[in-house]
Amino acid sequence: MRMRSWGSIVMTAAVVTVLAWAWAAGQSAAPKAQNIPRLRDGKPDFNGIWDRPRITDITRDSKE
């Protein structure tokens, strides 16, 4: 029974280490607030193409 306890502790420590490493790696890839284009009044600049790409009509029968 004693070996099972140590195995659980080691496995838990390994999982926590991997999750902490993955979280830290994801945090470094987050965009910085200074890189956001802004208007003169400080609000985010949303100019650009915001339309959806062309999507095929899936309700139509393909044999037509």
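Look up: the structure comes first, before these words.
Predicted model, so just to flag it, every value in this text is computed and none were measured.

We now examine the overall build of the chain. Across its full length, the chain holds 1 helix and 0 strands. Evaluated residue by residue, the chain yields a buried proportion of 0% over its 64 residues. For the chain, the computed accessible surface area is about 7,000 Å², with 62% contributed by carbon and sulfur atoms.

As a further point, take the environment of Arg38. For Arg38, the location among the structural elements is in the segment after α1 (2–28). The exposure class assigned to Arg38 is partly exposed, which follows from its relative accessible area of 42%. Only 3.1 Å separates the side chain of Arg38 from the backbone oxygen of Gly42, close enough to count as a polar contact.

What counts and how
- Residues numbered from 1 in each chain as written.
- Predicted model: local features only at pLDDT ≥ 70, side-chain atom pairs only at ≥ 80, totals over all residues.
- Heavy atoms only, no water.
- Helix = DSSP H or I, 4+ residues; strand = E, 2+ residues; numbered from the N terminus.
- Buried < 20%, exposed > 50% of the residue type's maximum accessible area, 1.4 Å probe, protein only.
- Areas by Shrake-Rupley, 256 points an atom, 1.4 Å probe, with all protein chains shown as cover.
- Polar contact = N/O pair within 3.5 Å; in protein donor to acceptor, adjacent residues only side chain to side chain.

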